[in-house]
Structures are given as structure tokens and as C-alpha cells.
Amino acid sequence: MLTSRLPGRVEPYKLAAHAEHLEGLVALGDLPRLVEEAGEQHGDARVWLDFAIDAQGRREIRGRLEAELQLLCRRCLIPMPQAVASEFLLGMVTSDALAADLPSTHEPVLVEDEQLNLLVVVEDELILSLPQVVYHDEADCAVSRDQLSSGAGSEMPDAPSDNPFEVLKRLKGKT
């Protein structure tokens, strides 16, 4: 069980040179863009990171994260727990030009001044892992199926409406 906090900033090139492994917790409430996107969060994300140099000499980070977020149900707007997980492969780059040279298997991560903010990396991955929409099961949702239909618009008229061209003929006096 993870109990230690993931460091905020690291020197990723040194970690890759020594094939280091980092694991730890990140407080979800400390991630402002996640809170903005998904609402107030409590608890921790569990993160595992392996720094390495691949056969082509690229410095990379293989990572995995898991978290339980509180996301709003799109029907009733009541928060519900939602498990989120992600596995990712990042290629360390120092410029956008170098990012274009990465293979499609790698997502670029910008390393500035030989420092990498791991909290930003974790926050990015969590945001990318958010589901498009979240719903309670119908039985558990505070909004019933009857409340979802508007009522008036859902009924079909008994008699078919007049053909619009027939109406035009009558209006022109060519009946």
C-alpha cells in the first residue's frame, strides 16, 4: 500500500540514467485544473513511475495512476464515485521541435531547466482519463425516467397533419 507522497519536482534525466522507480500519492485537492474540470475532490491518486532510456536513446517515463474521483451525474447533478485509471508512456523533450520527432507511442512531456513538475504530469493524465459523461444507474439516480421526458413533446398527434403543399395550393386558390 502506498503511503508516501510523490515529490513535486524531480530531475528526470538523472532518474532515467539510473532507471529509477518512483511511487507515491498525490492529493487530489492540490490539483487546481482537475478541481476546475471535475469539481471539489478529496483523497489521493496512486502513482507509479518508471524512468528509463529506451533502445533508441530516448528518455522516457512509463507510468500508471489510479484514483477515485467524485464526478457529477449528468442526470441529477449529485456527485458519485468514479474509478479512474491510466497507463501512459511519456517521452522527455526540451522543445516542441523535439516533441515532433517522438514516435506515436510516446506523449511528449516538456522538461525545462532539467526539472519536471510531476504534479502537473499527474494532473494532465487525470484530466485526460476523465470519462466523457457519468450517470448513476437508473435505480440509484435521484431523477426518475418519468422526469427525464418533457411530456408534451413526446406525444404523437392522433391525426396526420396536412401535406404542406396542399396547404399552399389552398392558399393560392387552386383547390
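Preceding block: the structure.
Residues numbered from 1 in each chain as written. Predicted model: local features only at pLDDT ≥ 70, side-chain atom pairs only at ≥ 80, totals over all residues. Heavy atoms only, no water.

Peer 1: How would you explain the overall build of the protein if you had to name every residue and give the values?
Peer 2: Each helix and strand in the protein was counted, giving 6 helices and 7 strands. Counting helices and strands in the order they occur from the N terminus, the protein gives β-α-β-α-β-β-β-α-β-β-α-α-α. By residue count, 34% of the 175 residues in the protein fall in the buried class. Put simply, of all contacts in the protein between residues at least 6 apart along the chain, 55% involve residues at least 24 apart. A total accessible area of about 11600 Å² is found for the protein, and carbon and sulfur atoms account for 50% of it. (Helix = DSSP H or I, 4+ residues; strand = E, 2+ residues; numbered from the N terminus. Buried < 20%, exposed > 50% of the residue type's maximum accessible area, 1.4 Å probe, protein only. Contact = heavy atoms within 4.5 Å. Areas by Shrake-Rupley, 256 points an atom, 1.4 Å probe, with all protein chains shown as cover.)

Peer 1: Account for the packing of aromatic side chains, with residues named and values stated.
Peer 2: Under the defined criterion, the tally for this structure stands at 0 aromatic pairs. A cation sits over an aromatic face here: Arg64 above Trp48, 4.0 Å from the ring centre. (Phe/Tyr/Trp six-rings, centres within 6.5 Å; stacked < 30°, edge-to-face > 60°. Lys NZ or Arg CZ within 6 Å of the ring centre and 35° of its normal.)

Peer 1: Tell me what's going on with the pairing of strand E2 (residues 21–27), and back it up with residues and numbers.
Peer 2: Counting buried positions over the 7 residues of E2 gives 5, a clear majority of the element. Strand direction decides the pairing type here: E2 and strand E3 (residues 44–53), joined by 7 bridges, are antiparallel. Among the inter-strand pairings, His21 is bridged to a residue of E3, identified as Asp50. (Pairing = 2+ DSSP bridges.)

Peer 1: So what's going on with the side chain of Glu125? Residues and values would help.
Peer 2: Residue placement: Glu125 occurs in helix H4 (residues 118–129). Residues within four places of Glu125 in sequence aside, it is in contact with Leu65, Ser86, Phe88 and Leu90.

Peer 1: Any chance you could break down a nonpolar patch on the surface for me, citing the residues and the numbers?
Peer 2: A cluster of nonpolar side chains, namely Phe165, Val167, Leu168 and Leu171, defines an oily patch on the protein surface of about 430 Å² accessible area. Inspection of the secondary structure assignment puts Phe165 in helix H6 (residues 164–172). (Patch = residues over 30% accessible without salt bridge, like charges linked within 9 Å, V, L, I, M, F, W, Y side chains within 5 Å. Salt bridge = Lys/Arg side-chain N within 4 Å of Asp/Glu carboxyl O.)

Peer 1: Break down the pairing of strand E5 (residues 79–93) for me, citing the residues and quoting the values.
Peer 2: In terms of strand pairing, strand E4 (residues 59–72) meets E5 through 13 bridges, oriented antiparallel. Opposite Leu65, over in E5, you have Ser86 as the bridge partner. Hairpin connection between E4 and E5: a loop of 6 residues separates the two successive antiparallel strands, and Leu77 in this loop has a positive phi of roughly 60 degrees. The pairing of E5 with strand E6 (residues 107–110) spans 4 bridges and is classified as parallel. Directly across from Leu90, in E6, lies its bridge partner Glu107.

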